[in-house]
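# Summary of the model geometry
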Amino acid sequence: MNHLSDKELLEVLADFPKHELTTIQRTEMLKTISEAESFKPKRNFQSQRFAALAAVFILILITPILYLTNKSEDKTPRTGTVIKQAQEGDYFALVDKNGSHYVDSNFGIPNKVSLLAPKEWVVWDNRETRNTMVFLWGKDIKSYQYINIEATHLDTGIKSTFGVGQLSAGMYGADTHALVNLRIFDKRGKWNLEFIVGNTSGKQKKIGEFTIYVKDHYVLLGGNATLLISQEDLFAGFYEDATIEVYGENLPDEIELEIVNEDDPSDVSNFTFKNKTDHNTDDGKKYSLYKGDFQIKKSGKYSFGVMGDSNFVRVGKPTD
Amino acid sequence: MILEGGIWLERGHQIEKWFIQFEKDVTNYLVYYTGTTDVEDLVQETFLRAFRAFSRFKNESSPKTWLISIARNTAIDFYRKKSVWQRLKERLDQESPKLHVPQTEEKLMRKIEYAQLYGAINELKPNYRDVILLRGIAELSSLEAGQVLGWSENKVNVTFFRAVKKLNERLKEGEYFESFIG
């Protein structure tokens with residue numbers, strides 16, 4: 001026999017060593033799943049109505065106090081409000097008895113809080129951070145059950161909840177960790193990320209705060225495709241191994257990135273993107289990623305497009 | 001609200017049941033898909049995602065197929081822009097000389113010949129690797145693998161056929177045959 005048939009390959013693969021969780025891991029995980037169930041409010045209508053009435057009553061009581069003290073914590077501050085930049089975060093390795101982990105992606109404040117950061121934070125993008133890991137340190141951290149991440153945009157003062165998650169066991173030298181589903185940023189610039197832990201009794205504690213920089217959005221190539229390079233990083237030059245993401249079904253194995261100079265429509269460049277990989281989002285949408293190189297000869301106004309659809313793109317100078 | 005809460009609880013019980021039933025399949029698939037045994041968080045996230053997305057499960061596929069599909073997406077998201085395959089490939093490319101079997105495979109495999117086969121699978125292009133792992137490791141049928149990848153059954157069969165052909169060529173180049181074919 002000098003080659004594997006389809007059937008033989010399946011038989012060999014079926015004989016590969018099997019891997020499974022340990023009993024402890026399995027028990028912990030079942031606990032987490034059952035805790036996820038308890039996150040849904042289970043109060044019936046009567047108790048909800050009672051809670052609503054109580055809230056109105058409390059509001060009536062505290063309104064005069066709020067009016068007199070006027071210590072506003074509005075989510076959108078008044079004109080002239082200055083939001084101070086928080087502490088600068090930094091990349092650092094998570095260290096445990098098995099060595100160092102996530103040396104180039106764990107970002108935050110050592111011995112306080114960190115998260116697995118993307119290579120770059122980009123407006124409208126959560127491809128890399130849809131689910132990320134947050135690590136926390138602290139003596140009493142284990143008495144808390146959840147984490148809230150509040151994000152404040154420094155230029156506008158707009159504040160929003162950026163992510164929530166359940167705290168789990170310690171990992172990679174941190175006292176606890178959480179898988180957090182992060183929201184997207186809708187504004188470029190600096191954002192303060194504030195990490196607050198809490199428990200079901202309502203007790204909360206701020207663990208730390210640091211600043212990140214969010215780049216302008218990726219280059220859009222019509223309605224269904226995106227060149228995964230931030231608009232603010234697009235200058236004249238040669239781009240190697242760039243990625244284009246295209247949503248849709250039955251997409252071709254190769255696509256052409258067409259770059260048209262808006263000032264001189266006869267100046268058209270085409271670049272082939274291939275090495276297609278197919279993916280599905282959790283809600284069943286299909287998309288493919290393509291790899292390729294391209295070149296922009298000079299700064300100016302361009303139209304970038306694939307598959308007959310395009311968008312206007314301004315290619316700046318590095319000094320812009 | 002009581003009804004909603006009841007559905008919520010029922011959903012939780014169903015996911016717990018599936019966890020007990022399919023955890024091994026999901027874990028095993030993720031280990032070979034990512035090339036690491038450190039998949040605990042990915043497994044947990046897979047089942048939490050299944051819990052959150054339960055209303056979208058419409059019995060069009062089996063629970064196992066649905067969970068493997070979520071596991072694959074979770075791994076892709078977790079390992080960010082670069083696909084797992086690319087990361088593995090980069091690591092494999094860094095290995096020298098070429099015939100040396102990478103550390104990851106040695107850790108995963110008890111038999112060296114299996115490690116070599118796994119290494120060769122990891123060198124295939126992403127679609128080939130995907131279809132081989134879904135058919136061989138997750139032990140899904142062509143129809144089920146198609147549901148995970150969003151492909152027709154025919155496309156799965158054709159891609160699998162081509163993947164096996166390419167794998168044989170690679171194995172031949174590496175002279176691996178004698179080690180695992182009797």
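Residues numbered from 1 in each chain as written. Chains lettered and ligands numbered in written order. Predicted model: local features only at pLDDT ≥ 70, side-chain atom pairs only at ≥ 80, totals over all residues.

### A short note on the overall build of chain A
Along its length, chain A carries 3 helices and 21 strands. A burial count over chain A gives 25% of its 320 residues as buried. (Helix = DSSP H or I, 4+ residues; strand = E, 2+ residues; numbered from the N terminus. Buried ≥ 20, exposed ≤ 12 C-beta atoms within 10 Å, placed from the backbone.)

### What about the overall build of chain B?
From N to C terminus, chain B includes 10 helices and 0 strands. What you see in chain B, going N to C, is helices and strands ordered as α-α-α-α-α-α-α-α-α-α. For chain B, the residues scored as buried account for 45% of the 182 residues in total. Considering only intrachain contacts with a sequence separation of at least 6, the fraction spanning at least 24 residues in chain B is 66%. (Contact = placed C-beta atoms within 7 Å.)

### Points about the sheet that holds strand β17 (residues 255–261) of chain A
Residue and element names in this part refer to chain A. Read across the open sheet, the 8 strands follow the order β14-β15-β16-β19-β18-β17-β20-β21; overall the sheet is antiparallel. A single partner strand is all that each edge strand has here, and the edge strands are β14 (218–220) and β21 (309–315). Each strand axis lies, on average, 30 degrees off the axis of its neighbour in the sheet, ignoring direction. (Pairing = 2+ DSSP bridges. Axes fitted to C-alpha atoms, helices over the stretch in contact; angles between N-to-C directions.)

### Observations regarding the environment of E209 of chain A
All names here are of chain A. Inspection of the secondary structure assignment puts E209 in strand β13 (residues 204–215). Sequence separation between E209 and G89 is 120 residues, and the spatial gap between their C-alpha atoms is 8.5 Å. With residues near it in sequence (within four places) discarded, E209 still touches A86, Q87, N192, L193, E194 and F195.

### A short note on the pairing of strand β15 (residues 225–230) of chain A
Residues and elements named next belong to chain A. Taken together, the 3 bridges between β14 and β15 define a ladder with antiparallel strand orientation. Its bridge partner lying in β15, L220 is registered against T226. Hairpin connection from β14 to β15: 4 residues lie between these consecutive antiparallel strands, with G222 at a positive phi of about 85 degrees. Between β15 and strand β16 (residues 237–247), which pair antiparallel and follow one another directly, the connecting turn spans 6 residues.

### A look at the nonpolar core
The biggest cluster of nonpolar side chains holds 53 residues, and the ones touching the most others in it are Y29, L30 and L67 of chain B. The biggest single contributor to this core is helix α1 (residues 2–34) of chain B, with 10 residues. Composition of this core by domain shows at least three residues from each of domain 1 (1–80) and domain 2 (95–182) of chain B. Discounting chain neighbours no more than four positions away, the residues touching L67 of chain B are W18, F22, V26, T46 and A50 of chain B. Within the second largest apolar cluster, 50 residues are counted, among which are L115, F135, V180 and L227 of chain A. (Core = buried A, V, L, I, M, F, W, Y, C linked by C-beta atoms within 7 Å. Domains from an automatic or database assignment.)

### Details of the confidence of the model for chain A
All names here are of chain A. Taken as a whole, chain A shows an average pLDDT of 82; of its residues, 83% reach a score of 70 or greater. Low pLDDT, under 50, characterises residues 40–47; the stretch is placed with 7 contacts to residues that sit more than four places away or in other chains. Contacts of residues 68–80 to residues separated by more than four positions or lying in other chains number 5 contacts, the stretch itself having pLDDT below 50. (pLDDT = per-residue confidence, 0-100.)

### Focus on the packing of helix α1 (residues 6–14) of chain A against helix α7 (residues 126–137) of chain B
For any two helices packed against each other, the geometry is given by the interaxial angle and the distance between the axes. Between α1 of chain A and α7 of chain B, the least distance of the axes is 8 Å, while the angle of their chain directions is 65 degrees. In terms of orientation, α1 of chain A lies roughly perpendicular with respect to α7 of chain B. The handedness of the crossing between α1 of chain A and α7 of chain B is right-handed. Where α1 of chain A abuts α7 of chain B, its residues L9, L10, L13 and A14 of chain A lie against R135, G136 and I137 of chain B. (Parallel < 35°, antiparallel > 145°, perpendicular 65-115°, else oblique. Left-handed = near helix turned anticlockwise from the far one by under 90°.)

### Structural notes on the environment of Y29 of chain B
Residues and elements named next belong to chain B. Relative to the elements of secondary structure, Y29 occurs in helix α1. Y29 sits in the buried class, given 28 other C-beta atoms within 10 Å. With 105 residues separating them along the chain, Y29 and L134 place their C-alpha atoms 7.9 Å apart. In contact with Y29, other than residues within four places in its own chain, are I68, A71, L133, I137 and A138.

### Remarks on the environment of E249 of chain A
Tracing the backbone through its elements, the reader meets E249 of chain A in the loop between β16 and β17. In this structure E249 of chain A comes out as exposed when scored by C-beta crowding, with 11 C-beta atoms within 10 Å. Separated by 38 residues in the primary sequence, E249 of chain A and Y287 of chain A place their C-alpha atoms 7.1 Å from one another. Excluding residues within four positions of it along the chain, E249 of chain A makes contact with K286 of chain A together with G150 of chain B.

### Overview of the pairing of strand β8 (residues 132–136) of chain A
All names here are of chain A. With respect to burial, β8 is a largely interior element, 5 of its 5 residues being buried. On β8, burial covers both faces: T132, V134 and L136 on one face and M133 and F135 on the other are all buried. Note that strand β6 (residues 113–116) and β8 share 3 bridges and pair antiparallel. Along β8, the bridge assignment pairs L115 with V134. Examined bridge by bridge, β8 and strand β11 (residues 176–182) share 5 bridges and lie antiparallel to one another. Pairing of M133 across the sheet is with L179, part of β11.

### Focus: α7 of chain B
All names here are of chain B. Taking 1.5 Å of rise per residue, 12 residues should cover 16 Å, and α7 covers 15 Å from first to last C-alpha, within 8% of that figure. By the criterion of burial, α7 is predominantly enclosed, with 11 of the 12 residues buried. Listed as buried for α7 are N127, Y128, R129, D130, V131, I132, L133, L134, R135, G136 and I137. Residue E139 follows α7 closely and has a positive phi angle near 55 degrees. (Expected span 1.5 Å × (residues − 1).)

### Considerations on the confidence of the model for chain B
Note that predicted coordinates carrying low pLDDT should not be read in detail. All names here are of chain B. Of the residues in chain B, 71% reach a pLDDT of 70 or more, and the chain-wide mean stands at 78. Here helix α10 (residues 177–180) stands out as the least confident element of chain B, with mean pLDDT 51; α7 is the most confident, with 94. Contacts of residues 1–5 to residues separated by more than four positions or lying in other chains number 6 contacts, the stretch itself having pLDDT below 50. Throughout residues 95–103 the model reports pLDDT below 50, and contacts reaching past four residues in sequence, or to other chains, amount to 11 contacts. Taken together, the chains of this predicted complex give a pTM of 0.51 and an interface ipTM of 0.79.

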